[in-house]
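# Structural description and commentary
Read off the chains here:
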Amino acid sequence: MNDQTIDSLKEIVGPKGWMDTPDDMAPYLVDVRDLYQGAARILLRPDSTEQVAAIVKLCAESGVTITPQGGNTGYCGGATPGIDGEHEDGVLLCLSRLNRTRDIDPLNYTITVEAGCILADIQQTAADADRLFPLSLAAEGTCQIGGNLSTNAGGTAVLRYGNTRDLVLGVEVVLPDGQIWDGLRRLRKNNTGYDLKQIFMGAEGTLGIITAAVLKLYPMPRERTTMFVALNNPEAAVTLLARLRAASGDGVTTFEYLHRLCLELAVKNIPGLTDPFEAAHTHYALVELSSGLSDGRVAALAESVLGEAFEAGEVIDAVVASSGQQATQLWKIRESIPEAMNHEGGVIRHDVSVPVSSVPEFLDIATRRTTETIDGVRIAPFGHIGDGNIHFNLVQPVGAAREDFLARTHEIETIIHDIADGLDGSFSAEHGVGRLKRDELTRYKSEVEKDLFARVKAALDPDGVMNPGKVV
Ligand SMILES: Cc1cc2nc3c(=O)[nH]c(=O)nc-3n(C[C@H](O)[C@H](O)[C@H](O)COP(=O)(O)OP(=O)(O)OC[C@H]3O[C@@H](n4cnc5c(N)ncnc54)[C@H](O)[C@@H]3O)c2cc1C
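Here's what I pulled together on the structure shown here. Predicted model only: the values in this text are computed from it and were never measured.

Right, let's talk about the nonpolar core for a bit. By size, the foremost hydrophobic cluster in this structure holds 43 residues, and its most contacted members are L240, L244, F255, V287, F362 and F392. The set of elements that each furnish at least two residues to this core consists of β12 (223-231), α8 (234-248), β13 (252-259), β14 (283-291), α10 (297-311), α12 (359-373), β19 (389-395) and α14 (409-422). The leading source of residues in this core is α8, at 6 residues. Both of domain 2 (221-343) and domain 3 (344-431) provide at least three residues apiece to this core. Apart from the residues lying within four places of it in its own chain, the contact partners of L240 are V229, L231, F255, V305, A309, E314 and V315.

Here's what the structure looks like:
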């Protein structure tokens, strides 16, 4: 990038909109899991769509690459520029100053927000208007809606409300040549050809920069029932979920699975957490049902279905939260698992999905194959079983050398991803591809699919300036 281009970029964003010293840029050049150290020539923080468009146009004309970044909480290194010495001379484009709510329309059940809005702030703005924005994940205090849309984030309420791509009605995008596409439609019906907005969902910044979006809102739930259930086996989890869905008219908001080891590590390593049960069990589910009515029906229904599941021998024990505080405490166990595992040394993590009915088979095969491969490895699976999404995590054997264990990551990943693929599953259920799973995409996508990817990329970004080295 020559000095003239740099000066022009600085001029577009003004004095508050850029940084270029290594110290200032350092926190933005490493990913949240510390897998990648990146590099960039300059970090830009535009505060309007017009500024984004001017930056992209100038970069396109000068052949300068751009990596968009939201809250930088992504798990696949997608927001880290200049990894391994490739494209180090580019722009890191942070969207955090595009953080205005442009419109909220409670009667249309929509909110229009800029890409840099923090997810938790959007939830709060919706709640203030007595509406629910249901996307929910543990990073919600930091991640931004532009990042959520670009990774098609999942989270804990997918079962009821869908992935992020299901929550969007319209988008505004700056295309790789600097044109602005105003697709901010607030329509629930609009069958007028290709659904272009969906191309940008999960594209991880490789096709353009999302600058704003129209999101769907929902009625606020008036009543919730949260319960922690001990189960006989993973099959019982799937059966209980099916029972609850049928009985509640799809009132199940969340159905999370966790293995005993996850609970043990959370209780051991995170202060203030306790085991909800006196006896130890091997399999658990954290379940939440909700309703727009406040007539006590959800709690009664949950109790009656639990009763049936007890009689059928599926459920061994259950704790139904009697207060909001107890529900929060149960949720904290689930949310603490990733951090609790970090205290045990090396962890090899996966984010796979299979059809919900195949989860027990997946867990069985994956547990068997990995324990046969690494002596003493500790299997700690948890995840959004209601979506067929399991974070099949392996914790290093007690006393093993962390580096030796982590050196086997690729070998183990191949085993797990092959098993998921064999069950018609995915190697990345909700975290995306980014840099981390680029080779997996090459391995598991069909030739036809890869060709379509390449053609879409070439059509929108023929010079390859948008987030190079990621996804494709
Ligand atoms: C504690 C924790 C819990 C998490 N839980 C979940 C979970 O339950 N489910 C889940 O799916 N993920 C989860 N994640 C992963 C992460 O939070 C999500 O992927 C999130 O959607 C990323 O948002 P972000 O704003 O941080 O995006 P970033 O990490 O900044 O970027 C992610 C990708 O999107 C691109 N991008 C960002 N903004 C834009 C934009 N405006 N236009 C175009 N491209 C853009 C980037 O280039 C990058 O490729 C979790 C992460 C953490 C740290």
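Over the atoms rolls a probe the size of a water molecule, and its path tells where empty space is left. Taken as a whole, the second largest pocket encloses approximately 890 Å³ of empty space. Along the wall of the second largest pocket there are 39 residues; nearest its centre are R165, G202, V433, K445 and F453. Those elements that place two or more of their residues in the lining of the second largest pocket are α5 (145-151), α7 (197-200), α15 (438-444) and α16 (447-460). No other element matches the 5 residues that α16 contributes to the lining of the second largest pocket. Taken together, the residues of the lining of the second largest pocket sort by class into 15 nonpolar, 16 polar and 8 charged. Here the lining of the second largest pocket spans two domains, and each of domain 1 (101-219) and domain 3 (344-431) adds at least three residues to it.

The tally for this structure, following the rule as stated, stands at 7 aromatic pairs. Ring plane angle 35 degrees and centroid distance 6.1 Å describe the contact between W181 and F200, whose orientation is recorded as tilted. Taken as a pair, W181 in strand β9 (residues 180-183) and F200 in helix α7 lie far apart in primary sequence, 19 residues in all. Each ring, one from F228 and one from Y284, has its centre 5.6 Å from the other, and the planes form 45 degrees; the classification is tilted. Taken together, the residues F228 in strand β12 and Y284 in strand β14 connect sequence positions 56 residues apart. Relative accessible area serves as the criterion here: at 0%, F228 is assigned to the buried category. Assessed through its relative accessible area of 0%, Y284 is described here as buried. Taken together, the ring pairs connect F228, F277 and Y284 into an aromatic cluster. The positively charged end of K10 is found above the aromatic ring belonging to W18, 4.1 Å away from the centroid. Cation over ring: R33 sits above Y75, and NZ or CZ is 5.3 Å from the ring centre.

In the region of the ligand, 34 residues are neighbours, and P68, G70, G71, T73 and G74 sit closest. G71 is positioned such that a nitrogen or oxygen atom in its backbone is 2.8 Å from an oxygen atom of the ligand. A distance of 2.7 Å separates an oxygen atom of the ligand from a polar atom in the side chain of T73. Protein contacts shield 92% of the accessible area of the ligand, which totals 980 Å² for the unbound molecule. Mapped onto the shell around the ligand, the elements with two or more residues apiece are β3 (66-69), α5 and β10 (209-216). For the shell around the ligand, the leading source of residues is α5, giving 5 residues. For the shell around the ligand, the per-class residue count stands at 12 nonpolar, 20 polar and 2 charged. Split by domain, the residues of the shell around the ligand number at least three in each of domain 1 (101-219) and domain 3 (344-431).

Scoring rules and cut-offs
- Residues numbered from 1 in each chain as written.
- Predicted model: local features only at pLDDT ≥ 70, side-chain atom pairs only at ≥ 80, totals over all residues.
- Heavy atoms only, no water.
- Core = buried A, V, L, I, M, F, W, Y, C linked by side-chain atoms within 4.5 Å.
- Buried < 20%, exposed > 50% of the residue type's maximum accessible area, 1.4 Å probe, protein only.
- Helix = DSSP H or I, 4+ residues; strand = E, 2+ residues; numbered from the N terminus.
- Domains from an automatic or database assignment.
- Contact = heavy atoms within 4.5 Å.
- 1 Å grid on protein atoms, 1.4 Å probe; cavity = no way out; pocket = protein on both sides within 12 Å on 5 of 7 lines; lining within 4 Å.
- Points joined across faces, edges and corners; volume = space filled by probe spheres on them.
- Nonpolar A, V, L, I, M, F, W, Y, C, P; charged D, E, K, R; others polar.
- Phe/Tyr/Trp six-rings, centres within 6.5 Å; stacked < 30°, edge-to-face > 60°.
- Lys NZ or Arg CZ within 6 Å of the ring centre and 35° of its normal.
- Near = heavy atom within 4 Å.
- Polar contact = N/O pair within 3.5 Å; in protein donor to acceptor, adjacent residues only side chain to side chain.
- Areas by Shrake-Rupley, 256 points an atom, 1.4 Å probe, with all protein chains shown as cover.

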